[in-house]
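Close look at the chain arrangement
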Amino acid sequence: TMPLRPMALAAGQLIVPVALCTAFQTGALALAVWARGRPELLPIGVLVALPVNLILFGVENILFLMFPTRHAVFNPGDLEMFGRQLLLMMFKTSCVLVCCVIAFGAGALAYLATGRSVIISGVVAWCVLAGASATVIPATAWAYERFDVSLDMPAD
């Protein structure tokens, strides 16, 4: 019923938090690089932060669209809410970790295959990470298209 296609809506939903988080991380990294005197690390950090943030925020949106909950008051003895948040955080961390390990593995193979070229292995690892992050937008669009407020929201 919306005038936008799910893919455009998913991309728009992800671009703002990913851009803001990457901008804040770039600022923090710039301060760290300035303090350590290693300016060549800044572009590498920014290039890695962008796909990692896209994966992280994309998985967050997908999980909310697949398993929606209303915001509830969290009491100290509420183990159900604590357990749910813990499981969701472990799943998000696992998704990012799996993507980074696969990218690192591809970069390591490229490093060994090209006679220990750090630049080529870094480019290969970044391409694999960017490819993994590119799958998040269609997955978020699919989850949004599947989401139905009248059916999926839990009752009061």
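Everything quoted here is computed from the prediction, not taken from an experiment. (Residues numbered from 1 in each chain as written. Predicted model: local features only at pLDDT ≥ 70, side-chain atom pairs only at ≥ 80, totals over all residues. Heavy atoms only, no water.)

**What to know about the confidence of the model for the protein**
Which entries qualify depends on this criterion: pLDDT measures how confident the predictor is about each residue, on a scale from 0 to 100. Numbering of helices and strands runs from the N terminus, with a helix taken as a DSSP run of H or I at least four residues long and a strand as a DSSP run of E at least two residues long.
Overall, the predicted model of the protein reaches an average pLDDT of 88, with 90% of residues at or above 70. When pLDDT is averaged over each element of the protein, helix α4 (residues 118–134) comes out on top at 95 and helix α6 (residues 149–152) at the bottom at 62.

**Here we look at the environment of Ile137**
So the rule is basically this: Buried means the residue's accessible area, taken with a 1.4 Å probe over protein chains only, is under 20% of the maximum for its type, while exposed means over 50%, and partly exposed covers the values in between. In what follows, a contact means two residues having at least one pair of non-hydrogen atoms within 4.5 Å.
Locating Ile137 in the fold gives a position in helix α5 (residues 136–146). Under the relative-accessibility criterion, Ile137 is labelled partly exposed at 22%. Along the chain, Ile137 and Ile15 lie 122 residues apart, while their C-alpha atoms are 9.9 Å from each other. Every residue in contact with Ile137, bar those within four places of it in the chain, is listed here: Met7, Ala10, Ala11, Leu14 and Leu54.

**Structural notes on the packing of helix α2 (residues 41–66) against helix α3 (residues 79–113)**
Here is the rule we go by: All axes are obtained by fitting lines to C-alpha atoms, using only the stretch in contact for helices, and the reported angles, taken between N-to-C directions, cover 0 to 180 degrees. Put simply, a crossing is left-handed when the front helix is turned counterclockwise from the back one by less than a right angle, and right-handed when it is turned clockwise. Just so you know the grouping, Ala, Val, Leu, Ile, Met, Phe, Trp, Tyr, Cys and Pro go in nonpolar, Asp, Glu, Lys and Arg go in charged, and all remaining residues, Gly too, go in polar.
Orientation of α2 relative to α3, taken along the N-to-C sense of each, is 145°, at an axis distance of 10 Å. With respect to the hand of their crossing, α2 and α3 are arranged in right-handed fashion. In this structure, α2 contributes Val52, Ile55, Leu56, Val59, Glu60 and Leu63 to the contact, and α3 contributes Leu88, Phe91, Lys92, Cys95, Val96, Cys99 and Cys100. Considering only residue class, the contact of α2 with α3 consists of 11 nonpolar, no polar and 2 charged.

**What to know about unusual backbone geometry**
Despite not being glycine, Arg116 shows a phi value in the positive range, around 70°. Within the secondary structure, Arg116 sits in the loop between α3 and α4.

**Re the nonpolar core**
When a protein is soluble and globular, its nonpolar side chains tend to lie buried together. We count it as follows: We call a set of buried Ala, Val, Leu, Ile, Met, Phe, Trp, Tyr and Cys residues a nonpolar core when their side-chain atoms join them within 4.5 Å.
Counting 13 residues, the largest nonpolar core has Ile55 and Leu129 as the members making the most contacts within it. Put simply, the parts of the chain that give this core at least two residues each are α1 (6–36), α2 and α3. No other element matches the 5 residues that α2 contributes to this core. When near neighbours in sequence (up to four residues on either side) are disregarded, Ile55 contacts Val96, Cys99, Leu129, Ala132, Ser133 and Val136.

**Let's talk about α3**
Heads up, the condition is: Here the expected span of a helix is defined as 1.5 Å times the quantity of residues minus one.
Between its first and last C-alpha atoms α3 spans 50 Å; for 35 residues at 1.5 Å apiece the expected length is 51 Å, and the two agree. As for α3, its buried residues are in contact with α2 and α4. Two residues or fewer after α3 comes Gly115, characterised by a positive phi angle close to 75°.

**Notes on the environment of Val118**
Within the fold, Val118 resides in helix α4. Taking the C-alpha atoms as reference, Val118 lies 9.2 Å from Ala108; in sequence the two are 10 residues apart.

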